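Residue strings, one per chain:
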Amino acid sequence: QQQVRQSPQSLTVWEGETAILNCSYENSAFDYFPWYQQFPGEGPALLISILSVSDKKEDGRFTIFFNKREKKLSLHIADSQPGDSATYFCAASAGNTGNYKYVFGAGTRLKVIA
Amino acid sequence: EAAVTQSPRNKVAVTGGKVTLSCNQTNNHNNMYWYRQDTGHGLRLIHYSYGAGSTEKGDIPDGYKASRPSQENFSLILELATPSQTSVYFCASAQGDFGPGTRLTVL
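Residues numbered from 1 in each chain as written. Chains lettered and ligands numbered in written order. Predicted model: local features only at pLDDT ≥ 70, side-chain atom pairs only at ≥ 80, totals over all residues. Heavy atoms only, no water.

Draft legend 1. The arrangement of the pattern of salt bridges in detail. Counted according to the given criterion, the structure contains seven salt bridges over all chains. The residue Glu26 of chain A makes a salt bridge to Arg5 of chain A at a minimum N-O spacing of 2.4 Å. Here the residue Glu26 of chain A occupies a position in the loop between strand E3 (19-25) and strand E4 (30-38), and Arg5 of chain A occupies one in strand E1 (residues 4-7), the gap between them amounting to 21 residues. Exposure remark for Glu26 of chain A: the relative accessible area of 33% places this residue in the partly exposed category. The partner of Asp38 of chain B in a salt bridge is Arg36 of chain B, and the shortest N-O contact between them spans 2.8 Å. For Arg36 of chain B, a relative accessible area of 8% translates into the label buried. (Salt bridge = Lys/Arg side-chain N within 4 Å of Asp/Glu carboxyl O. Helix = DSSP H or I, 4+ residues; strand = E, 2+ residues; numbered from the N terminus. Buried < 20%, exposed > 50% of the residue type's maximum accessible area, 1.4 Å probe, protein only.)

Draft legend 2. Spatial organisation of the state of the cysteines. Residue and element names in this part refer to chain B. A full pass over the atoms with the stated rule returns two disulfides over all chains. Shown here is the disulfide that connects Cys23 with Cys91, its sulfur atoms set 1.9 Å apart. Here the S-S torsion is close to -75 degrees, and the disulfide linking Cys23 with Cys91 is therefore left-handed. Here Cys23 is found in strand E3 (residues 19-25), whereas its partner Cys91 is found in strand E9 (residues 87-93), with 68 residues between them in sequence. Neither Cys23 nor Cys91 differs from the other in exposure class; each is buried. (Disulfide = S-S within 2.5 Å.)

Draft legend 3. Seen up close, the interface of chain A and chain B. At the junction of the two partners, chain A supplies 16 residues and chain B supplies 18 residues. Carbon and sulfur atoms make up 55% of the area that chain A and chain B hide from each other, which totals about 1300 Å². For the pair chain A and chain B, the interface holds zero salt bridges. Here chain A is connected to chain B by two residue pairs in polar contact (both at pLDDT 80 or more). (Contact = heavy atoms within 4.5 Å. Buried area = accessible area lost by both parts, 1.4 Å probe. Polar contact = N/O pair within 3.5 Å; in protein donor to acceptor, adjacent residues only side chain to side chain.)

Everything listed here is a matter of geometry and, on its own, says nothing about what the molecule does.
Laid out in structure tokens, this is it:
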């Protein structure tokens, strides 16, 4: 049973476009949602995160939109650059933000074409 | 300098052999985690620890043991390695600071 689902599995966009990566979850107890960026041969790196009390979080070109009622969230990457080409993981955890026992989605592989 | 390091970075083992993967963190975080990453599954939690001397089972602990002898070090132990344990293993400390990974191949 996969508690965190991501779509699409892969996504190709042109440079300058907005890439939209989707994530949904099943466990209502999840209240913290980090997104990770992973380049080949490297470990995942925290990109941006949101708490369930918020419906939006921005950090530069990266924005998370969160819909608690529908248990869905999305990562928007504005003005996509070739350097954004990577795999993006949505994760979720329950309890306070000190508990980093995450459940990960299977990832979305993003390719940005110049 | 990276706060979470792993060794070895690559390992080839034989079926039935013992494998130890090591992780060191300089963050002074209490919590540490071991995940494996396989295509189509994302990262799955194997074991975690709340501090020196503590180990807890994650979501897929079967076939693995863990050891946390100190705040800085957290090891993952495969007593009898099997080909199904071929994967990339990541260690993380609290706040999601991941190491670079260990690629393990069990022949």
